[in-house]
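Here's the letter readout for the chains.
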Amino acid sequence: MNKLLSVKDLCLTIKSKENQKVLKNISFDIHKSEIVSLIGESGSGKSLTALSIIRLLEKSCKIKSGKIIFLNKNLLSLEERDMRDIRKEDISMIFQEPMRSLNPVMSIFEQLRESYPKKNKIDIKKNIISDLVSVGINDADRVINLYPHQLSGGMKQRVMIAMAIACKPKLLIADEPTTSLDVTIQKQVLDLLVELREKLNMAILFITHDLAVASQVSDKIIVLKDGKIIEENNAKEFFKLPKNSYSKSLLESSVYNRQFFNNQFNSENDILSVQNLKVFYQEKKSFFGNNSSLLKAVDDVSLSIKPGMTHAIAGESGSGKTTIAKAIMGLTNITSGKIKICDKDILNMNNSEIRSFRKNYQMIFQDPFSSLNPRMRIGAIIKEGLCFLKPEIDNRTISSILEDVIDKVGLSIDSLNKYPHQFSGGQRQRIAIARVLVLNPKLLICDEPTSSLDVTVQKQVLDLLLNIQEKTKISYLFISHDIKLISNFSDTISIMHKGRIVEHGITSDIINNSKNSYTKKLLKSVPQIIN
Amino acid sequence: MFVFLLTDLFFYIIILTLLSYILYVRKTPDLLETWSYVFKNKTGALSVLVLSFFMIIALSDSIHFKNKVYDENNKKYTYTSEISSLLDIILLPIHENSEKSYSSPFSSKLYSKETVKIDKDIDKRVYPKLKYKGNHNLYSEKNIQNIFITIIISFVKTLFICFIMYLIIFYKTLFKNFKKITTYFLRNKFIYLSFFIILLIFISLYDLSIQYYVLGTDKVGEDVLYKSIKSIRTGILIGTLTTIVMLPFAIFLGIFAGYIGGFVDDIIQYIYTTLNSIPSVLLIASAILMLQVYMANNPIDFENVYERADLRLFFLCMILGLTSWTGLCRLLRGESMKLREIEYVQASQTFGLSKVSIIIRHIIPNIMHIVIITVVLDFSALVLAEAVLSYVNIGVDPTTYSWGNMINAARLEMSREPIVWWSLFAAFLFMFILVLFANLFSDAVRDAFDPRANKNYE
Amino acid sequence: MIKYILKRLVYIIPILIGVNLLTFALFFVVNSPDEIARLHLGNKRVTQEQIYAWNEERGYNNPLFYNNSEKGLDAIQKTIFYEKSLKLFLFDFGVSDSGRDIKYDIQQRMWPSLAIALPSLIVGVLINITFALFFVFFRSTYVDYFGVIICVALMSISSLFYIIGGQYLISKLLHLVPISGYAHGYDAVKFLILPVIISVIYGIGSGTRWYRSLFLEEIEKDYVKTAKSKGLSESSVLFNHVFKNALIPILTGIVVILPLLFLGSLIVESFFGIPGLGSYTIDAIQSQDFAIVRAMVFLGTILYIVGLILTDISYTLVDPRVRLK
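Residues numbered from 1 in each chain as written. Chains lettered and ligands numbered in written order. Predicted model: local features only at pLDDT ≥ 70, side-chain atom pairs only at ≥ 80, totals over all residues. Heavy atoms only, no water.

Quick notes on helix α5 (residues 121–134) of chain A
Residues and elements named next belong to chain A.
Next up, step 1: Helix length check: α5, at 14 residues, gives a terminal C-alpha distance of 20 Å against a target of 20 Å (1.5 Å per residue), a fit within 8%.
Next up, step 2: Of the residues making up α5, those classed as buried are Ile 124, Ile 128, Ile 129, Asp 131, Leu 132 and Ser 134.
Next up, step 3: Where α5 ends, the next residue or the one after it, Gly 136, has phi of about 95°, a positive value. (Helix = DSSP H or I, 4+ residues; strand = E, 2+ residues; numbered from the N terminus. Expected span 1.5 Å × (residues − 1). Buried < 20%, exposed > 50% of the residue type's maximum accessible area, 1.4 Å probe, protein only.)

So, the interface of chain B and chain A
Next up, step 1: Facing 24 residues of chain B, the contacting portion of chain A comprises 37 residues.
Next up, step 2: Taken over both partners, the interface formed by chain B and chain A buries close to 2,700 Å², and the fraction arising from carbon and sulfur atoms is 54%.
Next up, step 3: Taken together, the connections running from chain B to chain A amount to one salt bridge.
Next up, step 4: One salt bridge in this structure joins Glu 384 of chain A and Arg 361 of chain B, with 2.8 Å as the shortest N-O distance. (Contact = heavy atoms within 4.5 Å. Buried area = accessible area lost by both parts, 1.4 Å probe. Salt bridge = Lys/Arg side-chain N within 4 Å of Asp/Glu carboxyl O.)

Brief notes about the pairing of strand β4 (residues 114–117) of chain B
All names here are of chain B.
Next up, step 1: Across four bridges, β4 lies against strand β5 (residues 123–126) in antiparallel orientation. Counted as the bridge partner of Lys 117 is Asp 123 from β5.
Next up, step 2: Hairpin connection of β4 to β5: five residues between the antiparallel strands. (Pairing = 2+ DSSP bridges.)

A closer look at unusual backbone geometry
All names here are of chain A.
Next up, step 1: In this structure, Asn 276 takes a positive phi of about 50° despite not being glycine.
Next up, step 2: Assignment of secondary structure puts Asn 276 in strand β11 (residues 272–283).
Next up, step 3: For Asn 276, a relative accessible area of 42% corresponds to the partly exposed category.
Next up, step 4: Although it is not a glycine, Asp 343 adopts a positive phi angle of roughly 65°.

Comments concerning the packing of aromatic side chains
Next up, step 1: Per the stated rule, a full pass over the model turns up 36 aromatic pairs over all chains.
Next up, step 2: Note on Tyr 391 of chain B and Phe 271 of chain C: the rings are 4.8 Å apart at their centroids and 10° apart in plane angle, and the pair reads as stacked. Of this pair, Tyr 391 of chain B sits in helix α14 (residues 355–391) while Phe 271 of chain C sits in helix α12 (residues 266–272), on two different chains. Accessibility classification places Tyr 391 of chain B together with Phe 271 of chain C in one group, the buried group.
Next up, step 3: Site record: aromatic cluster; members linked through ring pairs are Phe 131, Phe 134, Phe 135, Phe 137 and Phe 138 of chain C.
Next up, step 4: The lysine or arginine in question, Lys 225 of chain A, covers the ring of Tyr 246 of chain A, its NZ or CZ lying 4.9 Å from the ring centre.
Next up, step 5: The ring centre of Phe 190 of chain B lies 5.2 Å from the NZ or CZ of Lys 42 of chain B, which sits over that ring. (Phe/Tyr/Trp six-rings, centres within 6.5 Å; stacked < 30°, edge-to-face > 60°. Lys NZ or Arg CZ within 6 Å of the ring centre and 35° of its normal.)

Quick look at the interface of chain C and chain B
Next up, step 1: Taken together, the contact between chain C and chain B spans 48 residues of the former and 49 residues of the latter.
Next up, step 2: When chain C packs against chain B, the two sides together hide about 4,200 Å² of surface, and 71% of this comes from carbon and sulfur.
Next up, step 3: It is Ser 156, Phe 161 and Ile 285 of chain C in chain C that bury the most area against chain B; as a group they hold 14% of the surface buried on that side.
Next up, step 4: The interface formed by chain C and chain B holds one salt bridge in total.
Next up, step 5: In this structure, the salt-bridge partner of Arg 209 of chain C is Asp 443 of chain B, at a minimum N-O distance of 2.7 Å.
Next up, step 6: Where chain C touches chain B, the interface holds five residue pairs in polar contact (both at pLDDT 80 or more).
Next up, step 7: Across the side of chain C that touches chain B, the residue classes break down as 30 nonpolar, 12 polar and six charged. (Polar contact = N/O pair within 3.5 Å; in protein donor to acceptor, adjacent residues only side chain to side chain. Nonpolar A, V, L, I, M, F, W, Y, C, P; charged D, E, K, R; others polar.)

Given below as structure tokens:
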């Protein structure tokens, strides 16, 4: 076997974390033209490992010991100048956020040119165009004169890839290259990477948190946890039978044991019914707003939920799913349409009526880091809605309710006196759930409640939600871009695309037997774990 | 009898606000953590120390009263029209008497020759001896020796004071936990050493200026050191009072514009764009000129010159405040707009909280860091601005002690032959120290409060 | 583009009206013209006739907004508001209280102001950028640390000390250039050198620190990592990538003050006896010549707004992300 890179006993500390070791004796090998996936949750040290290889760590990080041998050279003991040559010729890297990884004030041509050895201008231009075509940008002639902000996210990532492969590297490090992209584009980028590997015969170190993505591309899987390698295995064997229990829990975290007992529509009245909802925005383009255009965020959407059911809205970013949630919650102005909750038209209520009615429907937000006021204690955060919506409750009852609910979401009672920054993302989302749960709502709108969480935590939070539903017969309107997750979780589903619902029905029907072409494409793009 | 000048009252309000903020911070763990960054930073801790010394001086100079005197004619006690402050009483030995004219630092003679009659008919031009200081060495005839001994004695005094303070603070655990206290001091040795040195400087300056004019005397023979110390209050007042005046406008309008938006936003934006488009010096100059005319033509019955000068200082702060709120207002508007979209504010909206309670509960606590950074940053700029305005004659009253007035007077002294440099030097030194530490403090505060400054890496 | 500029010009009209009303209120409503006249003539023993004559000479005897004694258009035109405030829109600045034509004075005096302000700005920006790049190149070393401390110290010194100190050192002790004064043509150079040097030194502290923080903000961004991963050297990352991005705020920051350079610097000009608009303003303030102050407020506002428009335009030239519609 041809060893290309081998990392040996790499240890690393960070100043800001009191010089704790964040990488502990990392060792692994990458062979020629092999795709190795580094898998781990946030904070597991996967990005740090990658940055150590290409030696672009922040100054606060210090490599304490270890070797990184690349083609018989220890990268860690190279002069900066020699390292630069390695970056120029042998190792390239692409990053997570194509939006921020390209220089906003330089044209694509100017940025790409830096990756090529200095030759005359026309030659370089030809090379650039042919490389752009090879990463799937067909109108490369036009694209090279554009600036990054004029390209879509997927295009930008293609440009990044073109930039990285310009030098025909022997090793490409891809740090979560598809995380910020929509699933359909994610699929294209992944296919491109596999194709390029074969064409250029290069090895890829693929960093991701998503096991399904990893299973699509990789030959070897390395699982990192808390800065340690806990499993290193051949991809096929790994997905058949992981050795480590943590790896197992990672694999299992995308499976939910939901009993679909509500599959038949019951006769009860709808808890939520949305009829012909339209939300249009005037897009102001100048100070005067006279040449504005109409943005149809939600265009003629209808849906309904029965008590105790979970309805999901799935769609890519910008499809208008969050706008529906905001429209129901009264956070945005509605152009036309009707929203009924428990057969009451909430749009025609006056202020005091709606205030007392609000306790029936509540919402949890996507980002647990911005959905809790950092300057308030947890107790005050949870209490807020209770005090405003049920002012008749006295203080003693409130404190017993708080203790009850914090226990229900699986946190200890002393959390009530702490501040949000003392909790992790998953715990914060539990707090956010507790905040709405105290009101005993009949309908809970969940706007991507788990998309910013690690998979294992994601599972815990979803299990909590299922648990609550079983006990209280609450209804969920569940909004997500992750169709795989929804398919395990919801009774009925609506697929949204560009502000419209393109298909809706019982989840299992849609997933297994879709009729709409967009839904089919969406379903096809979802990465599945290949067994 | 106590006298409360207008600026005194406002200064008390500032001090009270400051104290209650400190209490509030002590109760709030996350704010406490942020502020502890300021104190962990050596320059931050040092600047807090120096600035609090300045604040204490300014505060003691803001407690005013009239003295009781026995009126021989009417056979009863009356109050003098003169107002003096607590600081004046403390510094009485320094400024009690004044000489005839200029004398240089540590000198024993006047700076210019005078004709003195020696005999009946013989006139001689000599440098006359100073009457009150410079010729009354306490410890030794030789000046250098005397200064040295004075400083050593001050050193002993400082040690003694520090020891007393130590006893007061640690009287409970003094003998039990001696080792613990020692390690505590060693860990914080930088800050205690700085405290000691600052105290030493103060005490030795005091001891020295009883015997000498440490920074010379001015044209009318007044001690320049005393003048510089008295100017501290003016500088600090301008730096703090101005912000107190502008803060309500900036916070209220900024949040309203940003959070409510729409028509209100348009109006508030129009107001601050208009105010902002007038070059600030011209706006301030015009406003103060008009105030001067108004005060000249409508002589309100002031009891004395102090109150008149004080009123002018107050109005100066008002005008500076009214012209300087626009910058902060714009920042707060932007931040409120951002917060309006943030999820915890939207979560409260789904509970049906009113706009006012959302502003009080969520918006204000989360924009305070911007307010604090701006206030601290503006402080030094305002102290510097006072000097420039006073130089142009649109600053404080000419009778008020201020560094600007000292610099203004120093212009003529600099063109004199031989030049009189010490007034300018004194103003420079005091201003530089105050502004430098204010700047260092604002750096430390910004590092602690700016979310971009603390980054966590994966 | 032209359409955009026209729109912006329309947008500034309400602001100019606001400024106009504000100055009018400040100068004529807070104190009546009679009171100002009394101040100029000396407070005591002034007869009403003297005040009337003083006001008549300068046209302050008309009513503020509406003249009852006139008919037709004159009822509005023969008022202080029309004569003294509205006419500013036509760049008719009128006559100063001491009887000079303000417009003529401004035209004469703006060039010496520019002669100091422009070189100070250019030299200052070049020096500050150089220092800032130097510190950024050596970031998180002692060079940077002490550089910043020196900058803070320089910032903490009042501009008055730079001027007085510089005058004393260079002119009085070393006799290199005249202390103050002005000459026209090439002779002006020897009078201009010292004020320019002092303005530049005064700006170093805050300028360098500001540019340094701009560079540092850029250097933390992700595209820098991309550039480094291409194998570019530290200096080419700094100059080709970071510098280009940081140049946007620097350039636009310069453009916004360009028009205001005509107003000159109050303090520098008055210390060095430069017959520019800065010293003109200061003289007016000190002699309480409100006609001039009023004119300067209006002029300053216009120049500031012109600066804002120029800034917007310059954004489109240097930042590909901004397109004006």
